[in-house]
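Below, each chain spelled out in residue letters.
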Amino acid sequence: MAFKLPELGYAYNALEPNIDAKTMEIHHSKHHNGYTTKLNGAIEGTDLDGKPIEDILGNLDMNNKAVRNNGGGFYNHSLFWTVMNPEGKGRLSGALKDAIESKFKTFDAFKDDFSKAAATQFGSGWAWLCAHKDGSVSVCSTPNQDNPLMPGVACEGTPILGLDVWEHAYYLNYQNRRPDYIEAFFNVINWNEVERRYAEATK
Ligand code: MN
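Residues numbered from 1 in each chain as written. Predicted model: local features only at pLDDT ≥ 70, side-chain atom pairs only at ≥ 80, totals over all residues. Heavy atoms only, no water.

A. Structural detail: the packing of aromatic side chains. For the structure on display, the rule yields 17 aromatic pairs. Relative to Phe 186, the ring of Phe 107 has its centre 6.4 Å away and its plane inclined at 80°; by these criteria the two rings are edge-to-face. Separated by 79 residues along the polypeptide, Phe 107 in helix H5 (residues 107–120) and Phe 186 in the loop between helix H7 (178–185) and helix H8 (191–202) bring together distant segments of the chain. Phe 107 sits in the partly exposed class, given a relative accessible area of 27%. Given the relative accessible area of 11%, Phe 186 is considered buried. The structure contains a cluster of three or more aromatic residues connected by ring pairs, namely Phe 80, Trp 81, Phe 104, Phe 107, Phe 110, Phe 114, Trp 126, Trp 128, Phe 185, Phe 186 and Trp 191. The side chain of Lys 111 reaches across the aromatic face of Phe 186, ending 5.3 Å from its centre. (Phe/Tyr/Trp six-rings, centres within 6.5 Å; stacked < 30°, edge-to-face > 60°. Helix = DSSP H or I, 4+ residues; strand = E, 2+ residues; numbered from the N terminus. Buried < 20%, exposed > 50% of the residue type's maximum accessible area, 1.4 Å probe, protein only. Lys NZ or Arg CZ within 6 Å of the ring centre and 35° of its normal.)

B. Broad picture of the state of the cysteines. One pass over the full model with this rule turns up 1 disulfide. In this model Cys 140 forms its disulfide with Cys 155; the gap between the sulfur atoms is 1.7 Å. Judged by the sign of its S-S torsion, about 55°, the cystine formed by Cys 140 and Cys 155 is right-handed. Taken as a pair, Cys 140 in strand E2 (residues 137–143) and Cys 155 in the loop between E2 and strand E3 (158–164) lie far apart in primary sequence, 15 residues in all. Cys 155 carries the same exposure label as Cys 140, and that label is buried. Cys 140 provides the cysteine sulfur closest to Cys 130, a residue in no disulfide bond, and the two sulfurs are 4.2 Å apart. (Disulfide = S-S within 2.5 Å.)

C. Layout of unusual backbone geometry. Note the cis peptide between Glu 16 and Pro 17, where omega equals 0°. Within the element layout of this structure, Pro 17 appears in the segment before helix H1 (21–43). Look at Lys 105: it is not a glycine, yet its phi comes out positive at around 80°. Looking at where Lys 105 falls in the secondary structure, it is placed in the loop between helix H4 (94–104) and H5. The backbone of Asn 144 shows a phi angle near 55°, a positive value even though the residue is not glycine.

D. Seen up close, the pairing of E3. Counting buried positions over the 7 residues of E3 gives 6, a clear majority of the element. As judged from the 6 bridges shared by strand E1 (residues 125–131) and E3, these two strands associate in the antiparallel manner. Among the inter-strand pairings, Ala 127 is bridged to a residue of E3, identified as Leu 163. (Pairing = 2+ DSSP bridges.)

Structure below.
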């Protein structure tokens, strides 16, 4: 059973002006689609075929570059689309709010930490908010299409919020201004979905 490019769940222009329609269209229909197709090609006929993506990444041979890059790309973007929403719905609340404030003291301090992780990831990569079994949370970043599920990555836990800082994610609208894109991302975070992922990861 091959992996399938997930639907966005909203229109390409739904995140404007924070993320422009052309960027969303190319990102989803070209980049994410490419990772999906190449992942399917890389696992076809191997013993990874048919396994859930979380299992594939969690037990990954990190020397398997095709699955590392494309499996990571498939998973990371699948998460990314869901943690954004066009309606500004979902305020941070409940258990995740408590966990963030327990770790960072204030939401603004968390935002600073996450933004710094995203801004200082050299070259291409992702910034993450991760949940841990004990209910705590942490912020980290990974290069390329790596993610916290992969073995030996210096970034642990279950990713519940991720921000793509590859240039393809922002260059059309923001050019070299990655910090402006990071700031805009905070306007469209779907906290309801992040909280759902937190509950799932810590249950
Ligand atoms: Mn991307």
